[in-house]
Amino acid sequence: MPSIAYVNGRFSSIEDAVVSVEDRGFQLGDGIYEVLRTYHGQLHAVEPHMRRLFRSLDAIELKHAFTAAGLEQIIREAVQRAGFDDSLVYLQITRGATKRTKEFPIDVPPTLVITVRKLELPPAAVREKGVAIQAADDIRWQRCDIKTVCLLPNVLASQRARAAGCFEALFVEKDGTVNECASANIFIVASGVVATPPLSARILGGITRDEVVALAHKNGVPMQERRVTLDELLAADEVFMTGTTVEVLPVVKVNDRPIAAGKPGPVTQRLHKLFCELAD
Ligand code: PLP
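To start, this report covers the structure provided alongside it. (Residues numbered from 1 in each chain as written. Predicted model: local features only at pLDDT ≥ 70, side-chain atom pairs only at ≥ 80, totals over all residues. Heavy atoms only, no water.)

1. Points about the packing of aromatic side chains
Per the stated rule, a full pass over the model turns up 3 aromatic pairs. Look at Tyr6 and Phe11: their rings are 4.9 Å apart centre to centre, the planes differ by 65 degrees, and that puts the pair in the edge-to-face class. The two residues Tyr6 and Phe11 agree in class, both being buried. Ring plane angle 10 degrees and centroid distance 4.7 Å describe the contact between Phe187 and Phe240, whose orientation is recorded as stacked. A residue pair is termed long-range when its members are at least 10 positions apart, and Phe187 in strand β10 (residues 185-190) and Phe240 in strand β13 (residues 238-243) qualify at 53 residues. The two residues Phe187 and Phe240 agree in class, both being buried. The lysine or arginine in question, Arg81, covers the ring of Phe11, its NZ or CZ lying 4.0 Å from the ring centre. The aromatic ring of Phe104 is capped on one face by Arg95, whose charged end is 3.7 Å from the ring centroid. (Phe/Tyr/Trp six-rings, centres within 6.5 Å; stacked < 30°, edge-to-face > 60°. Buried < 20%, exposed > 50% of the residue type's maximum accessible area, 1.4 Å probe, protein only. Helix = DSSP H or I, 4+ residues; strand = E, 2+ residues; numbered from the N terminus. Lys NZ or Arg CZ within 6 Å of the ring centre and 35° of its normal.)

2. Overview of the site of the ligand
Taken together, the neighbourhood of the ligand is formed by 16 residues, with Arg52, Glu180, Ile207, Thr208 and Thr244 sitting nearest. Contacts to the ligand include Lys147, whose side-chain N or O atom sits 3.0 Å from an oxygen atom. Between Glu180 and the ligand, the recorded distance is 2.6 Å, taken from a side-chain N or O atom to a nitrogen atom. Burial of the ligand by the protein amounts to 93% of the accessible area it has alone, namely 390 Å². Put simply, the parts of the chain that give the shell around the ligand at least two residues each are β9 (178-181), α6 (207-218) and β13. Across the shell around the ligand, the residue classes tally to 6 nonpolar, 7 polar and 3 charged. (Near = heavy atom within 4 Å. Polar contact = N/O pair within 3.5 Å; in protein donor to acceptor, adjacent residues only side chain to side chain. Areas by Shrake-Rupley, 256 points an atom, 1.4 Å probe, with all protein chains shown as cover. Nonpolar A, V, L, I, M, F, W, Y, C, P; charged D, E, K, R; others polar.)

Shown next as structure tokens:
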């Protein structure tokens, strides 16, 4: 079976998997999700992903009886059934299927969906050349630290960025504060110092972000978690994004303006190499 789905206890192909039309994830966006990947069939950073998943569940007050060990076991079985070297694993948990009301339903079990498909990595040429990104007003809600399935602002910003020939959208506040990309965290390098926006309710605490911050500290690369502005980013020596599927990906153009010489820089390349040594 090439791609695998698991819905509330049942494995199937993704095509055959179904959830109820009354599911609160579909009706209200009342749910959370998590994304993991495998390297050579092995799940990467499963503990931090599980911690973030349970944090998201707590943050939306979703009552459940899931355990990290139980979920991990299902994920491992799904990964094994799919059998890819590099798998992309999505896990969604919603507040269940029931008659539509805004308030929490009583005694309705959550819906658990897991899908595993082959991970499509950015092509080597894209990684070598670096990517362009486009700034977008950050019109998201005040709890971007929760990995919720409500992603409409990310969908719209990503679509506009793609339509403009860019790889990603970059969410920026009205005052010029840079938050993160639509599906990744953002870093700049200026005079040899790496900087990334601090953890807050305005960004998702990326697992890759944490790994890269830790790798920089461990390897003597100066690293700051602090406010970053769009002007600073445009004037930086290097810019890169981090995420489960993109790892450490160089950004060479922002809003049609090249970053420095418009080529991936040495600090980005070093951090990507260190990341690959850790993960691959
Ligand atoms: N920020 C947003 C909005 C994301 O959607 C993602 C990943 O999906 C990230 C950051 C990066 O997080 P991670 O490194 O855990 O994949």
